[in-house]
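Secondary and tertiary structure notes
Read off the chains here:
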There are 2 protein chains.
Amino acid sequence: MTLNAHAIHPPHSAQARISGLATLSEAEHALLDRSTRNRRRVSPYREFLSEGQPVPRPLLLLSGWACRFRVLSDGRRQILGFILPGDLVGLCRTDHAIASASALALTQVEICEMPGTEPTPTPGLAQAYALAGAMDDFYLLNQVTRLGRLTAYERIADLFLEMYDRMELAGLATDHEMTLPITQETLADALGLTSVHVNRTLKALRRDRAVVLESGLLTFPDYAALAAQVDHRAYRAPTVR
Amino acid sequence: MTLNAHAIHPPHSAQARISGLATLSEAEHALLDRSTRNRRRVSPYREFLSEGQPVPRPLLLLSGWACRFRVLSDGRRQILGFILPGDLVGLCRTDHAIASASALALTQVEICEMPGTEPTPTPGLAQAYALAGAMDDFYLLNQVTRLGRLTAYERIADLFLEMYDRMELAGLATDHEMTLPITQETLADALGLTSVHVNRTLKALRRDRAVVLESGLLTFPDYAALAAQVDHRAYRAPTVR
DNA sequence: CGACGGTTTGACAATCATCAAATACAGTGG
DNA sequence: CCACTGTATTTGATGATTGTCAAACCGTCG
């Protein structure tokens, strides 16, 4: 798969990331370029996609971090997954779909609308969307397992590892080091914990030197050991025989 | 959407369920019929799909209950979702995909391979797969929210409501009543709890008359009230304007 | 400087897990 | 028909994990 190309030419932008997912035609490249020129800024903690609303076309996150989430009637909030630069939101399998979750900027964010694949055929883009969707599916399964069967300690470690994997794939992190621009409160909402407990568990992770986390910089002193400890799963690309 | 047709003609078989998801051509109907003739039986607690293995084509569950799951290296098990009669497993967005979870029969089960959509174009089937996939996605988000933000009491109630919704959509339940052919141990693995705690919580649900559950028959004395109490979300079909 | 959002800490309570054993229930073979 | 077996449910006693409430601390920004 074209995923391996990342090892050689890491994408240096959200567009590059998308075009790395499949082989795009000249026309598709042009279309992608045109789409990304029309950007929209969203401030931190602003909702830019609402559960229950129709989703006409997918959105591409050009910069910043965002998340998908749901809120319960009494205010409890669950973050379903994070949206990192180069990620797509609102990928729907069907036309005229209704958003089954809302989306929120976690930092200052830039987004743009992506072309649909419907009227004019864009096989390359469709393939890129499919691969991006498959990865989303995979990360959602990870999320279920984290919430259902991991302890607080393991949940945080596993989520951090997954974030690093994704940032590395996107060409935004190397050497087991990345910036983590989100609050402990946000982590708590993603991990089914309270911010107080996240804080205490982070302390334990630091004590064990499982992670180093200071002023928004996250480092794994021993990535492999931590991954083994929490039975971390990384995404496996489709196989071409 | 054709989903509304269920209200009028509830499907009486797994095939009928599939053909209710989209408008199939004559050829596609024939193809579907041919596929379902070639069935495979699987005994309870037998794995019929393994994480890490390639998934050539989707499987249709013709009868019985199954689930998707993952196991951790130390034996902890998480059920990711249930597979009910008429459901598809191994729906992949990309070709040559690798299963990101295993699947297991929970009761005696019949499955069959479904045609791929690749060589010969089958737009109706593709649409049916897309809709089935969209519903799977939705139920997975429900699962994340359950595990992350609901109490044990709410988790069980919400899962039961969802199971009923799906069984009703499949034409296998009415009148807020259904058969529940799974053990408390299985429920525990789905809900991130222990079987002991599931048992105690079921007692509480019975005490409150939130559910009636005896010898595999599950009834909701007041479905609407319970749904409101746990902020239950039902799948919303794509909208055609 | 003060205000504000985020982090950190403490004391205590609730939820849920663990371990162990008793009971119920269905199937099987004598 | 009945003992026997294995699996599922139920209950009790106890402990660990995580939540709640409250306050202190810290850095940033106006």
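Each remark here, short or long, concerns the structure printed above.
Scope of this entry: the structure provided in the associated data block. Keep in mind the model is a prediction, meaning the values are calculated, not measured. (Residues numbered from 1 in each chain as written. Chains lettered and ligands numbered in written order. Predicted model: local features only at pLDDT ≥ 70, side-chain atom pairs only at ≥ 80, totals over all residues. Heavy atoms only, no water.)

A full pass over the atoms with the stated rule returns 12 aromatic pairs over all chains. Ring centres 5.5 Å apart and planes at 70° place the aromatic pair phenylalanine 138 of chain B and tyrosine 235 of chain B in the edge-to-face group. Within this pair, whereas phenylalanine 138 of chain B is found in helix H4 (residues 123-149), its partner tyrosine 235 of chain B is found in the segment after helix H8 (223-229), the two being separated by 97 residues in sequence. Cluster of aromatic residues (ring-pair linked, three or more members): Phe138, Tyr139 and Tyr235 of chain A. (Phe/Tyr/Trp six-rings, centres within 6.5 Å; stacked < 30°, edge-to-face > 60°. Helix = DSSP H or I, 4+ residues; strand = E, 2+ residues; numbered from the N terminus.)

So, on to the pattern of salt bridges. All names here are of chain A. Under the defined criterion, the tally for this structure stands at 34 salt bridges over all chains. When the shortest N-O distance is used, the salt bridge between aspartate 231 and arginine 233 registers 3.6 Å. Taking relative accessible area as the criterion, aspartate 231 reaches 22% and is therefore assigned partly exposed. The buried category is assigned to arginine 233, whose relative accessible area is 18%. (Salt bridge = Lys/Arg side-chain N within 4 Å of Asp/Glu carboxyl O. Buried < 20%, exposed > 50% of the residue type's maximum accessible area, 1.4 Å probe, protein only.)

Here the focus is the sheet that holds strand S7 (residues 102-105) of chain B. Ordered by their spatial adjacency, 4 strands build an open sheet running S2-S7-S4-S5 (chain B), and the pairing between neighbours is antiparallel. Lying at the two open borders of the sheet, with one neighbouring strand each, are strand S2 (47-49) and strand S5 (77-83) of chain B. Direction aside, neighbouring strands of the sheet carry axes that sit 35° apart on average. When S2 of chain B meets S7 of chain B, the two strands line up antiparallel, connected through 2 bridges. In the strand pairing of S7 of chain B, glutamate 47 of chain B is matched with leucine 104 of chain B. Against the sheet, helix H4 (residues 123-149) of chain A touches strand S4 (66-71) and S5 of chain B, its axis set at about 125° to S5 of chain B. (Pairing = 2+ DSSP bridges. Axes fitted to C-alpha atoms, helices over the stretch in contact; angles between N-to-C directions. Contact = heavy atoms within 4.5 Å.)

Glancing now at unusual backbone geometry. All names here are of chain B. Unlike most non-glycine residues, tyrosine 45 shows phi in positive territory, near 65°. Structurally, the position occupied by tyrosine 45 is in the loop between strand S1 (39-42) and S2. Even without being glycine, serine 215 reaches a positive phi, approximately 45°. Along the polypeptide, serine 215 turns up in the loop between strand S10 (212-214) and strand S11 (217-219). Residue serine 215 is classed as exposed on the basis of its relative accessible area, which comes to 79%.

This paragraph deals with the interface of chain B and chain A. Contacts between the two partners involve 49 residues from chain B and, on the opposite side, 50 residues from chain A. When chain B packs against chain A, the two sides together hide about 4,300 Å² of surface, and 56% of this comes from carbon and sulfur. When residues of chain B are sorted by the area they lose upon contact with chain A, Arg93, Leu141 and Arg149 of chain B head the list and together hold 19% of the total. Where chain B touches chain A, the interface holds 8 salt bridges. The residue aspartate 137 of chain B makes a salt bridge to arginine 93 of chain A at a minimum N-O spacing of 3.1 Å. Taken together, chain B and chain A are joined by 24 residue pairs in polar contact (both at pLDDT 80 or more). Taken together, the elements giving at least two residues each to the side of chain B that touches chain A come down to S4, S5, H4 and helix H6 (184-191) of chain B. The element contributing the most residues to the side of chain B that touches chain A is H4 of chain B, with 15 residues. Considering only residue class, the side of chain B that touches chain A consists of 21 nonpolar, 14 polar and 14 charged. (Buried area = accessible area lost by both parts, 1.4 Å probe. Polar contact = N/O pair within 3.5 Å; in protein donor to acceptor, adjacent residues only side chain to side chain. Nonpolar A, V, L, I, M, F, W, Y, C, P; charged D, E, K, R; others polar.)

Take arginine 233 of chain B: it is sitting in the segment after H8. At 2.6 Å, the side chain of arginine 233 of chain B forms a polar contact with the side chain of glutamate 51 of chain A. Beyond its immediate stretch of four places on either side in the chain, arginine 233 of chain B contacts Glu51, Arg70, Val71 and Leu72 of chain A together with Phe138 and Asn142 of chain B.

Turning our eyes to something else, we now look at the relation of the copies chain B and chain A. In screw terms, the move from chain B to chain A is a rotation of 180° and a rise of 0.0 Å along the axis, fitting with an RMSD of 0.0 Å. Seen this way, the second copy is the image of the first under a two-fold rotation axis. Comparing contact sets, 100% of the residues at the interface of chain B also lie at the interface in chain A, consistent with an isologous, same-surface contact. (Least-squares fit on C-alpha atoms with pLDDT ≥ 70 in both.)

As a structural note, the neighbourhood of DNA strand C is formed by 16 residues, with Gln184, Asn199, Arg200 and Lys203 of chain A together with His197 of chain B the closest of them. Here a phosphate oxygen of DNA strand C and a side-chain polar atom of tyrosine 45 of chain A are 3.4 Å apart. Within the contact set of DNA strand C, a base oxygen lies 3.1 Å away from a side-chain nitrogen or oxygen of arginine 200 of chain A. Every element with two or more residues in the surface near DNA strand C is listed here: helix H7 (195-207) of chain A together with helix H7 (195-207) of chain B. By residue class, the composition of the surface near DNA strand C is 5 nonpolar, 7 polar and 4 charged. (Near = heavy atom within 4 Å.)

No statement about biological role is implied by the geometric values presented.
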